[in-house]
Amino acid sequence: MSVMNTGSFAKALWPGVNAWHGKAYSEHPVEYTKLFETYKSSKAFEEDVGISSFGLAVQKPEGSPVTFDTERQGFITRYNHTVFALGFVITREIYEDDQYDVVGQRKAQGLAFSMRQTKEIVGANVYNRAFNTSYTGGDGKAMIVTDHPNFAGGTWSNRPTTDADLSEASLEQACIDIAGFTNDRGLLIKVLPKKLIIPRQLAFEAQRILKTEGRVGTDNNDLNALKAMSMIPEVVVNHYLTDQDAWFIRTDVQHGLKYFERRGDEFGMDEDFDTENAKYKATARYSFGWTDRRAIYASPGA
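Computed from a prediction, not measured in an experiment: that's the story for all the values here.

A. Spotlight on the sheet that holds strand β9 (residues 234–237). Ordered in space as β9-β8-β10-β13, the 4 strands form an open sheet in which the pairing is mixed. Each end of this open sheet is capped by a strand with a single partner; those strands are β9 and β13 (296–299). The average angle at which neighbouring strand axes cross in this sheet is 20 degrees, direction not considered. Direction of pairing for strand β8 (residues 193–198) relative to strand β10 (residues 247–251): antiparallel, over a ladder of 4 bridges.

Next comes the structure, spelled out in structure tokens:
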């Protein structure tokens with residue numbers, strides 16, 4: 001266990017230092033809340049259980065019996081809450097002799113910064129690993145694939161047939177694909193795009209595509225249908241996405257991407273009797289994941 005002593009911050013013991021830098025950086029506003037729906041949890045884990053729906057009605061000839069259908073339990077998604085923790089230890093002497101409050105309050109602020117960054121990264125990693133087959137959901141597939149299985153049979157896709165970079169054409173095709181989503185039995189459902197989620201590298205391109213009145217990058221005087229029809233109401237830039245080409249569209253499907261907070265950030269402090277060292281810690285317990293894959297459509301870029 002590493003202990004910070006008077007040698008770790010020798011200058012904090014001397015008057016005359018004008019400023020300490022490295023702990024006063026500004027933070028981005030909370031971003032994970034725009035990637036997930038937030039829920040509270042009071043259990044060790046949470047489970048979402050799917051259910052298959054009825055199929056189409058069957059033509060009934062005169063005098064023949066009615067065809068009876070059935071519903072069944074579908075795929076199960078489990079959210080296992082994980083504890084994240086970090087702390088530091090300082091000697092009593094440096095706490096007493098610190099002239100600038102570098103080691104108490106400022107270190108505690110640094111601890112809070114680390115906890116915040118951890119949560120943002122853990123949440124964004126659901127998106128960063130969306131195409132990675134090593135990270136699977138309740139249906140045994142990655143979050144974004146072309147062959148999500150229906151529990152009742154068959155498959156469906158929540159990505160383009162051919163991977164595409166962010167463009168007017170790719171967003172139009174995404175909206176068309178989303179409008180064609182069906183339920184587990186192949187019946188058409190109403191699904192609408194809700195927000196475009198992009199890394200910082202695509203922020204300017206997204207504005208050009210969605211905010212201009214005319215079509216982007218052409219000499220034609222055609223209408224920008226995406227803007228005119230308000231197909232994608234919101235653009236969200238997330239600074240923790242690692243693929244500069246990948247883009248995501250969250251839809252209005254419920255029970256999609258979820259953040260469960262089992263225990264919020266908690267900060268504690270204690271003293272060791274023998275050494276008189278002070279211990280500071282922060283802990284939190286939460287989970288990120290996804291249930292209904294129809295809540296998202298994405299492409300890793302071309």
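B. Spotlight on the environment of Thr-133. Mapped onto the elements, Thr-133 comes out in the loop between α2 (105–128) and β6 (148–149). A residue is classified by how much of its surface remains accessible, and Thr-133, at 62% relative accessible area, is exposed. Separated by 11 residues in the primary sequence, Thr-133 and Ile-144 have C-alpha atoms spaced 9.2 Å apart.

C. Spotlight on helix α3 (residues 168–179). Along its 12 residues, α3 runs 17 Å from first to last C-alpha, staying within 8% of the 16 Å computed at 1.5 Å per residue. Those residues of α3 lying buried are Glu-168, Ser-170, Leu-171, Ala-174, Cys-175 and Ile-178. Around the axis of α3, the buried residues are gathered within 170 degrees of arc, so they sit on the same side. Pointing more than 90 degrees away from the buried face of α3 are the exposed residues Ala-169 and Ile-176.

D. Structural detail: the nonpolar core. Membership of the largest hydrophobic core comes to 52 residues, with the highest contact counts inside it found for Tyr-127, Leu-166, Leu-171, Leu-196, Trp-247, Phe-248 and Leu-257. In terms of residue count, the dominant contributor to this core is strand β12 (residues 278–290) (7 residues). When residues no more than four places from it in sequence are discounted, the contact partners of Phe-248 are Tyr-127, Ala-130, Phe-131, Lys-195, Leu-196, Ile-197, Leu-241, Ile-296, Tyr-297 and Ala-298.

E. Representation of the pattern of salt bridges. This structure, assessed with the given rule, holds 21 salt bridges. The salt bridge involving Glu-261 is made with Lys-119; its shortest N-O contact spans 3.9 Å. Remark: Lys-119 occurs in helix α2 and Glu-261 occurs in strand β11 (residues 257–271); sequence separation between them is 142 residues. Glu-261 gets classed as buried once you look at its relative accessible area, which sits at 16%. On the basis of relative accessibility, which here comes to 6%, the residue Lys-119 falls in the buried class. Three or more residues joined by partner-sharing salt bridges are found here, namely Lys-40, Lys-119, Glu-261 and Asp-265.

F. Examining the packing of aromatic side chains more closely. Inspection of every chain in the model, using the stated rule, returns 16 aromatic pairs. Pairing Tyr-127 with Phe-248 gives two aromatic rings, centres 5.0 Å apart and planes at 80 degrees, and the pair type is edge-to-face. Here Phe-248 lies in strand β10 and Tyr-127 lies in helix α2, a separation of 121 residues in the sequence. In this structure Phe-248 comes out as buried when scored by relative accessible area, which is 2%. Geometry around Trp-156 places Arg-294 over its ring, the cationic atom sitting 4.5 Å from the centre.

Conventions we followed
Residues numbered from 1 in each chain as written. Predicted model: local features only at pLDDT ≥ 70, side-chain atom pairs only at ≥ 80, totals over all residues. Heavy atoms only, no water. Pairing = 2+ DSSP bridges. Helix = DSSP H or I, 4+ residues; strand = E, 2+ residues; numbered from the N terminus. Axes fitted to C-alpha atoms, helices over the stretch in contact; angles between N-to-C directions. Buried < 20%, exposed > 50% of the residue type's maximum accessible area, 1.4 Å probe, protein only. Expected span 1.5 Å × (residues − 1). Arc of directions from axis to C-beta. Core = buried A, V, L, I, M, F, W, Y, C linked by side-chain atoms within 4.5 Å. Contact = heavy atoms within 4.5 Å. Salt bridge = Lys/Arg side-chain N within 4 Å of Asp/Glu carboxyl O. Phe/Tyr/Trp six-rings, centres within 6.5 Å; stacked < 30°, edge-to-face > 60°. Lys NZ or Arg CZ within 6 Å of the ring centre and 35° of its normal.

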